[in-house]
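Structure assessment
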Amino acid sequence: MKRMLIAAGLAFVMASGAAGAAEIKPAVVFDMGGKFDKSFNEGIYNGLEKFRKETGIAYREFEVTNETQREQALRRMAQRGSDPVIAVGFAQAPALEKVAREFPDTRFTIIDMVVDLPNVQSVVFKEHEGSFLVGVAAAMASKTGKVGFVGGMDIPLIRKFACGYEQGVLYANPDAEIFQNMTGTTPSAWNNPTKGGELARSQFDRGADVVYAAAGGTGIGVYQAAKDSGKLAIGVDSNQNYLHPGTMLTSMTKRVDVAAYNTFKTALDGTWKPGIQVLGLAEDGVGWALDEHNRDLVSAAMKAKVEQARTDIIAGKIKVHDYMADNTCNY
Amino acid sequence: MNEGPARPPRWVGMVLIPLVNLTLALAIAGLIILSIGENPLTALRFLLFGAFGYIEGLGYTLYYTTNFVFTGLAVAVAFRAKLFNIGGEGQAYIGGLGVGLVALAFDDTLPLVLMVPLAIAAAAAFGAAWAYIPAYLQARRGSHIVITTIMFNFIAAALMVYLLVNVLIKPGQMSPESREFAPSAWLPFMHEALGWFGIAMARSPLNLSFLWALVCCVLVWAFIWHTRWGYEIRTVGGNEAAAVYAGIRPTRVIILAMCVSGALAGFVGVNEILGVHHRLLLNFTAGYGFTGIAVALMGRNHPVGILLASLLFGALYQGGAELAFEIPAITRDLVVVIQGLVILFSGALEYMFRPQLERLFTRRGAALPVEG
Amino acid sequence: MRVEATAPSAEGAGAAAPPAIMLRGVNKHFGPVHANSDISLEVAAGTIHGIIGENGAGKSTLMSILYGFYRADSGEIRVFGEPLRLDSTADAIGAGIGMVFQHFMLVDPFTVLENVVLGAEGGPLLGPGLAAARRELQRLEADFGLEVDLDAVVGELPVGVQQRVEILKALYRGARVLILDEPTGVLTPQETERLFRVFRALRDQGVTIVLITHKLREIMAVTEAVSVMRHGKMVAHLKTAETSLEELAELMVGRKVLLRVEKNAAEPGSTVLEVENLSLVDERGVTRVDGVSLSVRAGEIVGIAGVAGNGQSELLAALAGILPIQRGRIAVCGGEVTPEHPRDAREMREFGLAHVPEDRLRMGLVGSFEARESSILGYHRDPAFNGPILTHPSEILADCRKKMSAYDVRPQDPVLLTANFSGGNQQKIVLAREMERHPDLLLVGQPTRGVDIGAVEFIHKSLIAMRDAGCAVLLVSVELDEIRSLSDRILVMFEGRIVGEVAGAEATERTLGLMMAGVVPEDAGVRAPA
């Protein structure tokens, strides 16, 4: 079925290719996780699929399998005349820096990283702000005053999540205790639900009753463990509340799908602009998810406190420290 | 028996059997491609064209080949001493660390002509050191080399993550990567090097370490077959009791073979770090160390065979990427399946057709000799 | 006198029982090699039939065909008159053929009973099958004088008894024809005699026995008829009573051979090897060599006799620097070895020692090496073969060619893989390597094991020549004939100790046999150990 859609899309592109110069030939280079990673790459994919369904414009795609292929894939896309090209993930920045110089007439968008070139749009998110909000929610939902964090691979980006979360928890409850665990030090940490579940259970054993997972596919195990133990879990990246209604307290949403969708959409409209887009709470690039799946878990007081924090952050009254500004979590 | 086992001509083992295995692997891959509704011949064309059909593709193919030559030779040297070095991945990783540290320390001060030998030495030293520990444990403590080298792959990965996340990372940067080296420390790309002679070549990651890989083939050949140390390695691998009888200490030979093996694997770091990425980063080894096992197996642990097998795997990697690029229905996972089939048939199933084929080329049946 | 190989005519056809085994025109090729060429053979039922031939004559191939390991390329096989097509060993067993190999096919940790039943358990549950087997085996033991404790663990039994287990196994599977391949290689003379008594008992009960051997004496001692193979062909079928050792040897080799080595009296010089109170314990803590003292002087051959496994191998390995010693002292050509100062084989060689190991393929050679590489094993660091880094292939090649022609190694091909030489030629490669350097002390283990009679003569002459040139030679062999004909003095080892010394000229087979069993006879000439 999907193949047929793609074929139909291709046919449409070919048929209309000669019709107008406004037509675009978009492309995307996914990173090593692959487009079905249930997380970051898949968020992009969902945004692009939405675009394709709306406009009928097909896009070229490639999933890299090693470090060197990033540059190769970006260059091949540009050589084939694709425009705009989305580079998914911070790891593609060095490759994009080279390729974007070679093809100054091609428009590139990189997500999660800044590449400062005239033909590159950089979309980054203030994950620490979103994590702050779910930290507030976690602290208020916790009865024991102890909350947990399960990270994926131990890299600065994930520490950024953890640091924002920690600040939010302590903002709501200065006496709270926070347990932090990283799943691993290799990329397999992104997809190890068994280990995620174990880490979550050990945190529950130590008294935690809310745990926030920023760990890609590993999070699935964390959420399951929370459900099995009757504790609460917080999802990440996309709204994962629906996974286990009743034990998913909320999700820290990072709207990479919107960013990806907008890239193609603005390119089609002719409103695509290079430069840096920092998407934080104010831009709705990050946020917390409240829907029918978790409405019962979120008390009015909690909701008020989280919304208050949100407003204060946007207004600048609360400054959330960004781990990656100085690679420490001292605030 | 006065006669040895009747043996088929050498080309059967060296050329025909790998070819049959390869053909079968591709045939099965073709069936899979057919089953998802694509034309296998088209796919094969894309694969071949992607690997050899244009200069940039060829550059990528040879760039992968470079890595496989290093890791394949590494596995082969250890295998000559009957040691199964599964740790090429970790040794390559740590070898790259050595290259990176040297480049980070001296990229501003040293000219390229000094930087390159120093980086090569560092890759060798770091890779050898990483292989030394499992070798020592095997030689002195009897800890099985397969287990320890696998474990050292994990330790290497963990160490690199620690170093890059906490120590070597360029502050304020998202990716766990070091700063970029000064361009004066970059090993020239092949297209640059050829440019000096006025030959234009498309950009590709192929760099001068390819030449070093070729040199290593010759060096390994000479070392294994034309030095007394190579002789001792082969003696221990061929018959350990005979080695002890000859006054060769297997413990020393095991350590020597593993250190040479680790050094060779470490050269992947020269290609990747000094030649391509120009910064220290995570996961640049991308499984080349493991593929090296298949390369060595297919190449009969001989430098010439390894060079050819490396070229094959280089072509599969590059052609495979091209395939995934050109035919969206063939995902990268399917490309891995195709590569896996080749490894399966040339490695694990190596002996599936060997008896039949050998019999075919041996007059009136072959059998083992029995003392009479 | 010489009997040409023809298919034996069916004497007394009609009333007489069909022959137990009849082969006609059996051919087997291994690649270009014609291992069995037009073999015809008739073994009368209820007889002991010897098949004799040098290594590589095709005896084992022929028996492997009979046992269904190999398929003959052509030819007819009849067992008790029934034409047979042997595709697997199961077919052979079904036809009543049992085989006892040189290397026993026994599972060491199993008991005798379990070993015998293995593969013929008769149902998924062991219990009833084992009980039935026990009854049947007790009957067989009684009938044939094959006493074995059915509940003993096989690994703990002496080899002679293990061999009886193999025979029992074959009989239990209903063997009416028993083929034994070199069965006496691991036995003392007394055990050999006992085995022959079992053969006679089996024959008297109607079992047919085919004895494959290269030992002429055994043929003469126990068989009724003998067939001689040479170069893949049957060259003669003879009645044992009508032939002689000399004739058999000549038929085997194809020319006249000297069975006895000619040598002059030794003229011993200074002491080259001095061993004092040497003890050696293996990895499992078993004492293998127990307080051995001996000396070897220049210009003499000292033989160490003993049944395999009584510490000779370990003694030799310790002297060669392969095994570490726990007690005592070795002095060799000015060098000294003590438990505190162990020496490896390289250092021992530097003292002036050379070593022809007992098991050349396991230790003395590397099968996967070309001959030229095997021919420098242990001497590969010699400056003559090496530059500063690279070896000198041309020198190595020339050296190998020289040795090959001096020792008549065939084929004279330095790049042929070692494993592809015959046993005798492999042994010559080792001998050439170790002897051409004119060592002060030569350690020799089983120099003629698995070697053709023709080559045996050559090897023996070479050893005598070494002695006469002033080399001290220490010879370890389980072949009593060899020990007796070469040694100037004979030491007998039993359970790790030297039980006595006999002058070579005075040693009789009986005396040595008793000493090998740990009994020191009161004969003249036997001296207690020092």
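Residues numbered from 1 in each chain as written. Chains lettered and ligands numbered in written order. Predicted model: local features only at pLDDT ≥ 70, side-chain atom pairs only at ≥ 80, totals over all residues.

**Regarding the overall build of chain B**
A tally of helices and strands in chain B yields 16 helices and zero strands. Relative to the 2.2 N^0.38 estimate, which gives 21 Å for 372 residues, the radius of gyration of chain B is 22 Å and therefore close to what a compact globule would have. A principal-axis box enclosing the C-alpha atoms of chain B has dimensions of 75 × 60 × 40 Å. Burial analysis of chain B (372 residues in total) assigns 57% to the buried set. Here the analysis covers contacts within chain B between residues at least 6 apart in sequence; of these, 76% occur between residues at least 24 apart. (Helix = DSSP H or I, 4+ residues; strand = E, 2+ residues; numbered from the N terminus. Rg over C-alpha atoms; globule rule 2.2 N^0.38 Å. Buried ≥ 20, exposed ≤ 12 C-beta atoms within 10 Å, placed from the backbone. Contact = placed C-beta atoms within 7 Å.)

**Concerning unusual backbone geometry**
With an omega dihedral of 0°, the bond running from Asp83 of chain A to Pro84 of chain A counts as a cis peptide bond. Tracing the sequence through the fold places Pro84 of chain A in the loop between helix H3 (67-79) and strand E3 (85-88). In this structure, Lys82 of chain B is a non-glycine residue whose phi angle is positive, near 60°. Within the fold, Lys82 of chain B resides in the loop between helix H3 (55-80) and helix H4 (88-106). On the basis of neighbour count, Lys82 of chain B is assigned to the partly exposed category, with 17 C-beta atoms found within 10 Å. The phi torsion at Asn283 of chain B lies on the positive side, around 60°, for a residue other than glycine. Counting through the fold element by element, Asn283 of chain B comes out in the loop between helix H12 (268-277) and helix H13 (288-298). C-beta crowding within 10 Å serves as the criterion here: with 17 such atoms nearby, Asn283 of chain B is assigned to the partly exposed category.

**What to know about the confidence of the model for chain C**
Residue and element names in this part refer to chain C. Scored by pLDDT, chain C comes out at a mean of 86, with 93% of its residues at no less than 70. The lowest-confidence element of chain C is strand E21 (residues 526-527), averaging 70 in pLDDT; the highest-confidence one is strand E18 (residues 472-476), averaging 96. Across residues 1-15 the pLDDT falls below 50, and counting only partners more than four positions away or on other chains, this stretch makes twelve contacts in the model. The ipTM value of the predicted complex is 0.83, and its pTM value is 0.80. (pLDDT = per-residue confidence, 0-100.)

**Re the interface of chain A and chain B**
Many authors give the size of an interface as the accessible area that is lost as the parts come together. Contacts between the two partners involve 27 residues from chain A and, on the opposite side, 24 residues from chain B. Counting only elements with at least two residues in the side of chain A that touches chain B, the list comes to helix H1 (2-17), strand E2 (60-63), H3, helix H6 (156-172) and helix H11 (323-326) of chain A. In terms of residue class, the side of chain A that touches chain B is built from twelve nonpolar, eight polar and seven charged. (Nonpolar A, V, L, I, M, F, W, Y, C, P; charged D, E, K, R; others polar.)

**Notes on helix H1 (residues 10-35) of chain B**
Residue and element names in this part refer to chain B. Taking 1.5 Å as the rise per residue, H1 with 26 residues should run 38 Å; its terminal C-alpha atoms sit 38 Å apart, in good agreement. At Leu16, H1 shows its strongest bend, of approximately 35°, with the proline Pro18 following within four residues. Taken as a whole, H1 has its buried residues at Ile17, Pro18, Asn21, Ala25, Leu26, Ala29 and Ile33. Positive phi appears at Gly37, one or two residues downstream of H1, with a value of about 85°. (Expected span 1.5 Å × (residues − 1). Bend = angle between axes of the 7 residues up to and from the residue.)

**Brief notes about the confidence of the model for chain B**
Residues and elements named next belong to chain B. The pLDDT averaged across chain B works out to 89; a share of 94% of its residues lies at or above 70. This stretch, residues 1-5, has a pLDDT under 50; its non-local contacts, to residues over four places away or in other chains, come to 20 contacts. Within the model, the stretch residues 363-372 combines pLDDT values under 50 with 35 contacts to residues more than four positions away or in other chains.

**As for the arrangement of the chains**
Of all two pairs of chains in contact, the one with the most contacts involves chains B and C. Here chain A and chain C are not in contact; the least distance found between their C-alpha atoms is 38 Å.

**Re the sheet that holds strand E20 (residues 497-503) of chain C**
Residue and element names in this part refer to chain C. Ordered by their spatial adjacency, seven strands build an open sheet running E16-E17-E18-E13-E19-E20-E21, and the pairing between neighbours is mixed. Across the chains shown, the open sheet's two edge strands, defined by having one partner strand only, are strand E16 (353-356) and E21. The sheet contact formed by E20 and E21 spans two bridges and is antiparallel. Residue pairing across strands places Val502 opposite Val526, the latter belonging to E21. Strand contacts of helix H14 (residues 423-435): E16 and strand E17 (441-445), with the helix running at about 175° to E16, the strand carrying the most contacts. Of the strands in this sheet, strand E13 (301-305), E17 and E18 are in contact with helix H15 (residues 453-468), which crosses E18 at around 145°. (Pairing = 2+ DSSP bridges. Axes fitted to C-alpha atoms, helices over the stretch in contact; angles between N-to-C directions.)

**Considering the domain arrangement of chain C**
Residues and elements named next belong to chain C. Annotation of chain C at the domain level lists domain 1 (1-96 + 216-256), domain 2 (258-352 + 439-530) and domain 3 (365-437). Contacts between the two partners involve twelve residues from domain 2, matched on the other side by nine residues from domain 3. Those elements that provide at least two residues to the side of domain 2 that touches domain 3 are helix H10 (345-351) and H15. Broken down by element, the side of domain 2 that touches domain 3 gets its largest block of residues, four residues, from H15. (Domains from an automatic or database assignment.)

**Brief notes about the pairing of E3 of chain A**
All names here are of chain A. Here E3 shows no split at all, with Val85 and Ala87 on one side and Ile86 and Val88 on the other all buried. By the bridge criterion, three bridges tie strand E1 (residues 27-30) to E3 in an arrangement that is parallel. Paired with Ala27 across the two strands is Val85, which belongs to E3. The sheet contact formed by E3 and strand E4 (residues 108-111) spans four bridges and is parallel.

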